[in-house]
Amino acid sequence: MPARNPFAEYENNKILTASPAEVTLMLYEGAIKFCNKAIIAIENGETEKAHVNIKKTQRIIEEFRNTLDHNYEVSKDFDKIYVYLLRRLLEANIKKDKDILEEVNMHLRSVRDTWKEVMKRCKQA
C-alpha cells in the first residue's frame, strides 16, 4: 500500500474545492511557475527541461484560449493576448531565449494581478 502524502491530498482538495475564479488564478500562477522554471533551465543549459516547461506554459495558455466565452467583447482582447503569448513562447522555445520568456512572464504577471484585483472587487460587491 502506498504511503499517504498529506501535501498531495491538500493540493488535490484545494483544487477540487476552488471556485472557477480561484482555479483561473491557480492556472496563472502555474503558467508563471513553469515559465520561471524554463528561464532557470536555459540559464543552466538544460534545453530539454526548458522545452518541457515552455510546453507546460503553452498548454495552460491554450486552455485559457479554448475556454474563452466569446459572448463577451473583452474575450477578443484576451484572445489577442493569448495568441501573442503563444507565438512568443514558440519563438522562445526555438531559440531557447530567456529574454523572451521574461517578457512573457511580465505579461502573465500583469494579467494575473488584474485577475486578483477583479476577484477582490467581486468579493467586496
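Rules used in this analysis
- Residues numbered from 1 in each chain as written.
- Predicted model: local features only at pLDDT ≥ 70, side-chain atom pairs only at ≥ 80, totals over all residues.
- Heavy atoms only, no water.
- Axes fitted to C-alpha atoms, helices over the stretch in contact; angles between N-to-C directions.
- Helix = DSSP H or I, 4+ residues; strand = E, 2+ residues; numbered from the N terminus.
- Parallel < 35°, antiparallel > 145°, perpendicular 65-115°, else oblique.
- Left-handed = near helix turned anticlockwise from the far one by under 90°.
- Contact = heavy atoms within 4.5 Å.
- pLDDT = per-residue confidence, 0-100.
- Expected span 1.5 Å × (residues − 1).
- Buried < 20%, exposed > 50% of the residue type's maximum accessible area, 1.4 Å probe, protein only.
- Patch = residues over 30% accessible without salt bridge, like charges linked within 9 Å, V, L, I, M, F, W, Y side chains within 5 Å.
- Areas by Shrake-Rupley, 256 points an atom, 1.4 Å probe, with all protein chains shown as cover.
- Salt bridge = Lys/Arg side-chain N within 4 Å of Asp/Glu carboxyl O.
- Lys, Arg positive; Asp, Glu negative; His and termini not counted.
- Charge placed at Lys NZ, Arg CZ, Asp CG, Glu CD.
- Phe/Tyr/Trp six-rings, centres within 6.5 Å; stacked < 30°, edge-to-face > 60°.

A. Representation of the packing of helix H2 (residues 20-43) against helix H3 (residues 47-66) within the structure. Running from amino to carboxyl end, H2 crosses H3 at an angle of 155 degrees, the nearest separation of the two axes being 8 Å. Comparing their axes, H3 and H2 come out roughly antiparallel. The hand of the H2/H3 crossing is left-handed. Seen from H2, the contacting residues are Thr24, Leu27, Tyr28, Gly30, Ala31, Phe34, Cys35, Lys37, Ala38, Ala41 and Ile42; seen from H3, they are Lys49, Ala50, Asn53, Ile54, Lys56, Thr57, Ile60 and Phe64.

B. Focus on the confidence of the model for the chain. Across the chain, the average pLDDT comes to 92, with 90% of residues at or above 70. Mean pLDDT values for the elements of the chain range from 63 in helix H1 (residues 6-16) up to 98 in H3.

C. Molecular detail of H2. Its 24 residues place the ends of H2 35 Å apart at the C-alpha level, agreeing with the 34 Å of an ideal helix rising 1.5 Å per residue. Of the residues making up H2, those classed as buried are Thr24, Leu25, Tyr28, Gly30, Ala31, Ile32, Phe34, Cys35, Ala38, Ile39, Ala41 and Ile42. Buried residues along H2 sit in contact with H3, helix H4 (74-95) and helix H5 (98-124). Looking at the residues trailing H2, positive phi occurs at glycine 45, about 75 degrees.

D. Highlighting a positive patch on the surface. Side chains of Lys33, Lys37, Lys49, Lys55, Lys56 and Arg59 sit close together on the surface and give a patch of like positive charge. Of all the secondary-structure elements, those providing two or more residues to the positive patch are H2 and H3. If one sorts the elements of the positive patch by residue count, H3 sits on top with four residues. Inspection of the secondary structure assignment puts lysine 33 in helix H2. A relative accessible area of 42% means that lysine 33 is categorised as partly exposed.

E. Representation of the packing of aromatic side chains within the structure. Counted by the stated rule, this structure contains three aromatic pairs. Seen from their ring centres, phenylalanine 78 and tyrosine 82 are 5.9 Å apart, and the 40 degrees between their planes marks the pair as tilted. Here tyrosine 82 and phenylalanine 78 lie together in helix H4, a separation of four residues that amounts to about one turn. A relative accessible area of 25% places phenylalanine 78 in the partly exposed class. The class of tyrosine 82 is buried, set by a relative accessible area of 4%. One aromatic cluster is present, formed by Tyr28, Phe64, Phe78 and Tyr82 through successive ring pairs.

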